[in-house]
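Overview (structure and organization)
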Amino acid sequence: MVDPRGLRFAAAVTSVVLAVVLVTGSGWLLLAQTVVFAVGAVAGVRYAPYGLLFRTLIRPRLGPPATTEDAAPPRFAQLVGAIFGAVGVVGFLSGIPVLGFIAAAAAFIAAFLNAAFEFCLGCQLYLFFRSITVRGARA
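Owing to the predicted nature of the structure, the values given are computational and were not obtained by experimental measurement.

1. Focus: the overall build of the protein
If you tally the helices and strands in the protein, you get six helices and zero strands. The order of helices and strands in the protein, counted from the N terminus, is α-α-α-α-α-α. In terms of overall size, the protein behaves like a compact globule, its C-alpha atoms giving a radius of gyration of 15 Å where 139 residues would be expected to give roughly 14 Å. Along the first, second and third principal axes, the C-alpha set of the protein runs to 50 × 45 × 25 Å. Buried positions account for 36% of the 139 residues belonging to the protein. In the protein, once contacts between residues fewer than 6 apart in sequence are set aside, the share between residues at least 24 apart is 71%. Accessible surface, the protein as shown: approximately 7,700 Å² in total, 72% of it carbon and sulfur.

Below you can see the structure in the form of structure tokens.
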């Protein structure tokens, strides 16, 4: 279970990083963000760099959360972010910047939706895939 405030904090930081990527076209900065996504997908969002930053510096000042959320959907969202980030890095670093910008823009939109409106697109994809696999297993 994870603190939803931490998820929004991470999404806000991610939005800023991806906005800088979109302004500068930096494949190296996108690579760094992709590593952050990958750590969140593999180790879990609590252990991703932005999650550690939130738990160490911000959460102690806020107190305990009113509710917690299942960690699986945000972890899947991190995987989706890592995939888009990897595609963007390949685009930027291989001389196909339009691919890099499209992938980075898609990741930015998803992060911004989570940060600004608490709508996790990757989490919704997780729930969708989960619903079709659970139905398929029952049939």
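2. Focus on the nonpolar core
Among the nonpolar cores identified, the biggest contains ten residues, and these are Leu 18, Val 21, Leu 30, Phe 37, Ala 82, Val 89, Phe 92, Ala 104, Ala 107 and Ala 111. Those elements giving two or more residues to this core turn out to be α1 (4–24), α2 (27–43), α4 (72–93) and α5 (97–117). In this structure, Leu 18 is in contact with Leu 30, Gln 33, Phe 37, Ala 104, Ala 107, Phe 108 and Ala 111, ignoring residues within four places of it in sequence.

3. As for the pattern of salt bridges
For the structure on display, the rule yields three salt bridges. We note a salt bridge from Arg 59 to Asp 3, for which the minimum N-O separation is 3.6 Å. Of this pair, Arg 59 sits in helix α3 (residues 49–62) while Asp 3 sits in the segment before α1; the two residues are 56 residues apart in sequence, bridging distant segments of the chain. A residue is classified by how much of its surface remains accessible, and Arg 59, at 30% relative accessible area, is partly exposed. For Asp 3, a relative accessible area of 7% puts it in the buried group. Arg 8 is paired through a salt bridge with Glu 118; the nearest N and O atoms lie 3.3 Å apart. Linking Arg 8 in helix α1 with Glu 118 in the loop between α5 and α6 (121–138), this pair joins segments that are 110 residues apart in sequence. Using a relative accessible area of 28% as the deciding quantity, one classes Arg 8 as partly exposed. Judged by its relative accessible area of 45%, Glu 118 falls in the partly exposed class. Members of the salt-bridge network, linked through shared partners, are Asp 3, Arg 5 and Arg 59.

4. Comments concerning the packing of aromatic side chains
Scanning the entire structure with this criterion turns up seven aromatic pairs. A centroid spacing of 5.9 Å and a plane angle of 20° characterise the contact between Phe 108 and Phe 112, whose relative ring orientation is stacked. In this pair, Phe 108 and Phe 112 both sit in helix α5, four residues apart, roughly one turn of the helix. By relative accessible area, which is 23% here, Phe 108 ends up partly exposed.

5. Concerning the packing of α1 against α3
The contact between α1 and α3 brings their axes to 10 Å, and the two run at 125°. In this view, α1 runs oblique relative to α3, as classed from their interaxial angle. Viewed along their axes, α1 and α3 form a crossing whose handedness is right-handed. Contacts from Arg 5, Gly 6, Phe 9, Ala 10, Val 13, Thr 14 and Val 17 of α1 reach α3 at Tyr 50, Leu 53, Phe 54, Ile 58, Arg 59 and Leu 62. For the contact of α1 with α3, the class distribution of residues is nine nonpolar, two polar and two charged.

Rules used throughout
- Residues numbered from 1 in each chain as written.
- Predicted model: local features only at pLDDT ≥ 70, side-chain atom pairs only at ≥ 80, totals over all residues.
- Heavy atoms only, no water.
- Helix = DSSP H or I, 4+ residues; strand = E, 2+ residues; numbered from the N terminus.
- Rg over C-alpha atoms; globule rule 2.2 N^0.38 Å.
- Buried < 20%, exposed > 50% of the residue type's maximum accessible area, 1.4 Å probe, protein only.
- Contact = heavy atoms within 4.5 Å.
- Areas by Shrake-Rupley, 256 points an atom, 1.4 Å probe, with all protein chains shown as cover.
- Core = buried A, V, L, I, M, F, W, Y, C linked by side-chain atoms within 4.5 Å.
- Salt bridge = Lys/Arg side-chain N within 4 Å of Asp/Glu carboxyl O.
- Phe/Tyr/Trp six-rings, centres within 6.5 Å; stacked < 30°, edge-to-face > 60°.
- Axes fitted to C-alpha atoms, helices over the stretch in contact; angles between N-to-C directions.
- Parallel < 35°, antiparallel > 145°, perpendicular 65-115°, else oblique.
- Left-handed = near helix turned anticlockwise from the far one by under 90°.
- Nonpolar A, V, L, I, M, F, W, Y, C, P; charged D, E, K, R; others polar.

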